[in-house]
Amino acid sequence: MSLHLVCGDGAADALRRAVEAGVLVEKKIRVMPDDLAVGPLGDVDTPPCEQRAAFWHGLGGEVLRYREIAIEMATEVNWLHNPDASAISVWHGDSASEQLLLRRLCALLPASIPLRSIGAGSGQCRCDDRHAIAMLKPEELASALAASHELDAAERQRLGEEWRAALAANAPLRLWLDGQLSSAGYEHIDRILLDSASDSWRPVQSVIGPTMAYVDGLFVSDLLAAWRLREQVAAGALELRGDDFWKNAEVRLA
């Protein structure tokens, strides 16, 4: 059995639309949910992955409170070492997480499992020109599939080494720019977030929105932007008021 592997539910939905449109014949899709571009990676490949799970629980707060993240991560690592598939096609666009998933597969997947690389996007993640798999239409996915290729041993070795380098760096963030991965700190996000705030009280969405839109190198989720906002409040750079963060909270520069 062969299957399609994607990063995130949005990408899986895009592939399902392609199946409905007749673009994809193989209907088996597996989702890897971890946003590998964000947070420490130290134990991500070493179950029970407690440190990385704790990071996500701290970031997500109430939203992720009931997710058994450590169990999910351990399950994914075990699957990567022993997948229930005879061949795997990995889809990746301009998302740093998708690029990291490709490299993680090359590092962990048994060499006996054929791995097809299906790439789509501009080759970088600039805010004015980027395409994650979740953003693509069925016809765009069809074009990517037509241009795909099976990775040979040398490619898998090279990409696997890039994953191991990312693990060793263990940076707060990993960026995808100009066809290369690089490391960054959270200030890469915080600069945009603070620039979006003002001396006047504004809804938190007016700060989170631009942060999601204008950070180069990775796709910033609403949860990640909200976490960085709360961290800047704790650091004294921002002030926050309101009893419901997502409904009526407001923020301003301290």
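Keep in mind it's a predicted model, so treat the numbers as computed, not measured.

Reading the values: rules and limits
Residues numbered from 1 in each chain as written. Predicted model: local features only at pLDDT ≥ 70, side-chain atom pairs only at ≥ 80, totals over all residues. Heavy atoms only, no water. Helix = DSSP H or I, 4+ residues; strand = E, 2+ residues; numbered from the N terminus. Contact = heavy atoms within 4.5 Å. Polar contact = N/O pair within 3.5 Å; in protein donor to acceptor, adjacent residues only side chain to side chain. Axes fitted to C-alpha atoms, helices over the stretch in contact; angles between N-to-C directions. Parallel < 35°, antiparallel > 145°, perpendicular 65-115°, else oblique. Left-handed = near helix turned anticlockwise from the far one by under 90°. Nonpolar A, V, L, I, M, F, W, Y, C, P; charged D, E, K, R; others polar. Pairing = 2+ DSSP bridges. Phe/Tyr/Trp six-rings, centres within 6.5 Å; stacked < 30°, edge-to-face > 60°. Buried < 20%, exposed > 50% of the residue type's maximum accessible area, 1.4 Å probe, protein only. Lys NZ or Arg CZ within 6 Å of the ring centre and 35° of its normal. Expected span 1.5 Å × (residues − 1). Arc of directions from axis to C-beta.

### Some points on the environment of Glu250
And then number 1: Looking at the secondary structure, you find Glu250 in strand 10 (residues 250–253).
And then number 2: Expressed as a C-alpha distance, the spacing of Glu250 and Val204, which sit 46 residues apart in the sequence, is 5.1 Å.
And then number 3: Residues within four places of Glu250 in sequence aside, it is in contact with Trp201, Arg202, Pro203, Val204, Glu239, Leu240 and Arg241.
And then number 4: A polar atom in the side chain of Glu250 sits 2.7 Å from the side chain of Arg241.

### As for the packing of helix 7 (residues 187–196) against helix 8 (residues 205–214)
And then number 1: Two elements in contact, helix 7 and helix 8, have axes whose closest approach is 8 Å; the angle formed by their N-to-C orientations is 140 degrees. For the element pair helix 7 / helix 8, the angle class is oblique. As for how helix 7 packs across helix 8, the hand of that crossing is right-handed. Residues Ile189, Ile192, Leu193 and Ser196 of helix 7 touch helix 8, and the partners they reach there are Ser206, Val207, Pro210, Thr211 and Tyr214.
And then number 2: Broken down by class, the residue content of the contact of helix 7 with helix 8 amounts to six nonpolar, three polar and no charged.

### Points about the sheet that holds strand 10
And then number 1: Strand order in the open sheet formed by three strands is 8-10-9, with antiparallel pairing between adjacent strands. The open sheet terminates on both sides in strands that have one partner only, identified here as strand 8 (202–203) and strand 9 (238–241).
And then number 2: Summarising the sheet, strand 8 and strand 10 pair through two bridges and their orientation is antiparallel. Each bridged residue has a counterpart across the sheet, and for Arg202 the counterpart in strand 10 is Val251.
And then number 3: With respect to the sheet, helix 9 (residues 222–234) is in contact with strand 9 and strand 10, its orientation differing from that of strand 9 by roughly 110 degrees.

### A short note on the packing of aromatic side chains
And then number 1: Summed over the entire model, instances satisfying the criterion amount to four aromatic pairs.
And then number 2: Relative to Trp227, the ring of Phe55 lies with its centre 5.6 Å away and its plane at 85 degrees, an arrangement referred to as edge-to-face. Here Trp227 lies in helix 9 and Phe55 lies in helix 2 (residues 50–60), a separation of 172 residues in the sequence. Take Phe55 and Trp227: they sit in the same class, and that class is buried.
And then number 3: Put simply, the rings of Phe55, Trp56, Tyr186 and Trp227 touch in pairs and so form one group of aromatic residues.
And then number 4: Above the ring of Phe219, the side-chain terminus of Arg130 is found at 4.7 Å from the ring centroid.
And then number 5: Its end group placed over the ring of Trp227, Arg228 keeps NZ or CZ at 4.7 Å from the ring centre.

### Focus on the sheet that holds strand 2 (residues 29–32)
Working definition: the strands of a sheet are paired by backbone hydrogen bonds and lie parallel or antiparallel to each other.
And then number 1: Overall, mixed pairing links the five strands, which are arranged 2-1-3-4-5 in an open sheet. The open sheet terminates on both sides in strands that have one partner only, identified here as strand 2 and strand 5 (149–150).
And then number 2: Sheet topology note: the strand 4 (residues 115–119)/strand 5 ladder contains two bridges and is antiparallel. When the bridges of strand 5 are listed, Arg116 appears paired with Glu150.
And then number 3: Strands in contact with helix 3 (residues 69–81) are strand 1 (2–7), strand 2 and strand 3 (87–92); relative to strand 2, the strand with the most contacts, it is inclined by about 130 degrees.

### Side note on the pairing of strand 6 (residues 173–177)
And then number 1: Strand 6 sits mainly inside the fold: five of its five residues count as buried.
And then number 2: The two faces of strand 6 match: Leu173, Leu175 and Leu177 on one face and Arg174 and Trp176 on the other face are all buried.
And then number 3: Examined bridge by bridge, strand 6 and strand 7 (residues 180–184) share five bridges and lie antiparallel to one another. Residue pairing in the sheet places Arg174 in a bridge with Ser183 of strand 7.

### A closer look at helix 1 (residues 9–20)
And then number 1: Taking 1.5 Å as the rise per residue, helix 1 with 12 residues should run 16 Å; its terminal C-alpha atoms sit 17 Å apart, in good agreement.
And then number 2: Looking only at helix 1, the buried set comprises Ala11, Ala12, Ala14, Leu15, Ala18 and Val19. The arc enclosing the buried residues of helix 1, seen along the axis, measures out at 160 degrees, which places them on a common side. Residues Asp9 and Glu20 are exposed on helix 1 and point more than 90 degrees away from its buried face.
And then number 3: Each element contacted by the buried residues of helix 1 is listed here: strand 1, strand 2, strand 3 and helix 5 (138–146).
And then number 4: Gly22 lies just past helix 1 and shows a positive phi near 85 degrees.

### Digging into unusual backbone geometry
And then number 1: With an omega of 15 degrees, the peptide bond running from Pro47 to Pro48 counts as cis.
And then number 2: With respect to the helices and strands, the residue Pro48 is situated in the loop between strand 2 and helix 2.

Bear in mind that shape data such as this cannot, by itself, settle questions of function.
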